[in-house]
Amino acid sequence: MEKNYGFFEKTLGERLKDIETRIRRAKIDAPLAPAHTQLMGASKMQTAETIREAIAAGLNWFGENRVQEAEEKWPVLKAEFPQVKLHLLGPLQTNKVKDAVRLFDGIQSIDRIKLADALADEMQKRNRRPDCFIQINTGEEKQKSGALPQDADALIAYVRDELKLPLKGLMCIPPERDYPAAHFALLRKIASAHGLDELSMGMSGDYELATRMGATIVRVGLALFGSRDGK
Ligand SMILES: *Cc1c(COP(=O)(O)O)cnc(C)c1O
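Please read all numbers here as calculations on a predicted model, not as lab measurements.

About the thresholds
- Residues numbered from 1 in each chain as written.
- Predicted model: local features only at pLDDT ≥ 70, side-chain atom pairs only at ≥ 80, totals over all residues.
- Heavy atoms only, no water.
- Salt bridge = Lys/Arg side-chain N within 4 Å of Asp/Glu carboxyl O.
- Buried < 20%, exposed > 50% of the residue type's maximum accessible area, 1.4 Å probe, protein only.
- Helix = DSSP H or I, 4+ residues; strand = E, 2+ residues; numbered from the N terminus.
- 1 Å grid on protein atoms, 1.4 Å probe; cavity = no way out; pocket = protein on both sides within 12 Å on 5 of 7 lines; lining within 4 Å.
- Points joined across faces, edges and corners; volume = space filled by probe spheres on them.
- Nonpolar A, V, L, I, M, F, W, Y, C, P; charged D, E, K, R; others polar.
- Axes fitted to C-alpha atoms, helices over the stretch in contact; angles between N-to-C directions.
- Parallel < 35°, antiparallel > 145°, perpendicular 65-115°, else oblique.
- Left-handed = near helix turned anticlockwise from the far one by under 90°.
- Contact = heavy atoms within 4.5 Å.
- Expected span 1.5 Å × (residues − 1).
- Bend = angle between axes of the 7 residues up to and from the residue.
- Near = heavy atom within 4 Å.
- Polar contact = N/O pair within 3.5 Å; in protein donor to acceptor, adjacent residues only side chain to side chain.
- Areas by Shrake-Rupley, 256 points an atom, 1.4 Å probe, with all protein chains shown as cover.
- Sits in = over half its atoms within 2 Å of the grid points.

Points about the pattern of salt bridges
Here is step 1: Per the stated rule, a full pass over the model turns up 14 salt bridges.
Here is step 2: Across the salt bridge formed by Lys73 and Glu64, the nearest N and O atoms sit 2.9 Å from each other. Each member of the pair, Lys73 together with Glu64, is buried.
Here is step 3: With a shortest N-O distance of 4.0 Å, Asp131 and Lys168 are connected by a salt bridge. Placement of Asp131 in strand E5 (residues 131-135) and of Lys168 in strand E6 (residues 167-171) is noted, with a sequence separation of 37 residues between them.
Here is step 4: On the basis of relative accessibility, which here comes to 25%, the residue Asp131 falls in the partly exposed class.
Here is step 5: The structure contains a network of salt bridges with shared partners spanning Glu64, Glu69 and Lys73.

Things to note about unusual backbone geometry
Here is step 1: Of note, the phi angle at Asn127 is positive, near 50°, even though the residue is not glycine.
Here is step 2: Secondary-structure assignment places Asn127 in the loop between helix H5 (113-126) and E5.
Here is step 3: Even without glycine at this site, Glu140 takes up a positive phi of about 50°.
Here is step 4: Within the secondary structure, Glu140 sits in the loop between E5 and helix H6 (149-162).
Here is step 5: With a relative accessible area of 46%, Glu140 lands in the partly exposed category.

Remarks on the layout of surface pockets
Over the atoms rolls a probe the size of a water molecule, and in doing so it shows where empty space is left.
Here is step 1: Approximately 710 Å³ is the volume attributed to the largest pocket.
Here is step 2: Around the largest pocket sit 26 residues that line it, and Lys44, Lys144, Ile173, Glu176 and Met203 are the ones nearest its centre.
Here is step 3: Per-class residue counts for the lining of the largest pocket are 10 nonpolar, eight polar and eight charged.
Here is step 4: By volume, the second largest pocket is sized at about 160 Å³.
Here is step 5: Glu20, Ile23, Arg24, Thr37, Gln38, Leu39, Gly58, Leu59 and Asn60 are the residues that line the second largest pocket.
Here is step 6: Listing elements by their share of the lining of the second largest pocket, those giving two or more residues are helix H1 (12-26) and strand E1 (38-42).
Here is step 7: Among the elements that line the lining of the second largest pocket, the one with the most residues is H1, at three residues.
Here is step 8: Here the residues of the lining of the second largest pocket are counted per class, giving three nonpolar, four polar and two charged.

Side note on the packing of helix H2 (residues 48-56) against helix H3 (residues 67-80)
Here is step 1: In the contact formed by H2 and H3, the axes pass within 11 Å of each other and the chain directions differ by 30°. Our classification of the angle between H2 and H3 gives roughly parallel. Here H2 runs over H3; the crossing is right-handed. Here Ala48, Ile51 and Arg52 of H2 lie close against H3, whose contacting residues are Lys73, Trp74, Val76, Leu77 and Glu80.

Digging into H3
One turn of the α-helix equals 3.6 residues, which is why residues spaced by three or four share an orientation.
Here is step 1: The end-to-end C-alpha distance of H3, which contains 14 residues, comes to 19 Å, matching closely the 20 Å that a straight helix rising 1.5 Å per residue would cover.
Here is step 2: Bending of H3 peaks at approximately 45° at the position of Trp74, with proline Pro75 no more than four residues after it.
Here is step 3: Those residues of H3 that sit buried are Val67, Glu69, Ala70, Lys73, Trp74, Leu77 and Lys78.

Observations concerning the environment of Pro149
Here is step 1: Relative to the assigned elements, Pro149 resides in helix H6.
Here is step 2: In this structure Pro149 comes out as buried when scored by relative accessible area, which is 16%.
Here is step 3: What Pro149 contacts, discounting residues up to four positions off in sequence, is Ile136, Asn137, Thr138, Glu140 and Leu186.

Concerning the site of the ligand
Here is step 1: Every residue near the ligand is listed here: Ala42, Lys44, Asn65, Leu89, Ile173, Met203, Ser204, Arg219, Val220, Gly221, Leu222 and Arg228.
Here is step 2: Ser204 has a polar side-chain atom sitting 2.5 Å from an oxygen atom of the ligand.
Here is step 3: With respect to the ligand, the side chain of Arg219 contributes an N or O atom lying 2.9 Å from a nitrogen atom.
Here is step 4: Here the ligand, which alone exposes 390 Å², has 89% of that area covered by the protein.
Here is step 5: Among the detected pockets, the ligand sits in the largest pocket.
Here is step 6: When its residues are assigned to classes, the shell around the ligand shows six nonpolar, three polar and three charged.

Given below as structure tokens:
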């Protein structure tokens, strides 16, 4: 059942179509925009019911921030919709690595050697290899997770060449108060220096800009779901 978020407002399905159209339009006259930019629904604090509605509207890729919240919602959803992909976007503690490897199809928040080691061990044990992304703290914010830009080269080399994890690309969350373009440009520069294809960047307020600057994955929450009042 489609929910209406207010009298004049659109349904989730309509918002999804709008966002997809905006992503397509953003690619016009944008030489850095990739051929494919995938929309991921950032579904933190959305109920399973809302997520089902998004799946019914055609979305098949979601990102969650907390392992525990994802464990409450997703085992059932994944059994119901085996085609749907789920990534972890939020910080990962090493004591949650086991659960994360079991549940997620991708982990976008790898940011330190100790975590990479723990993931490598667990992936070997489970024989399950979720797609890996390194998160870069492009704004060098103290409270934010992510590897510092000056540590990126070494961490990328370690994760990909030493541990041989399936490293697909990089992720960043620009500081809230900054204009995001410089952060997207930095992420792109680091990724291309290492031949990494995937750039996970851009959220509700800046996914069109991110697309124009090379995002292959945009992570949209509020603009898609309308609010985060599900929980
Ligand atoms: C919440 C979140 C998003 C989506 O943010 P919106 O502003 O709701 O679009 C994207 N990425 C991460 C890591 C998030 O935590």
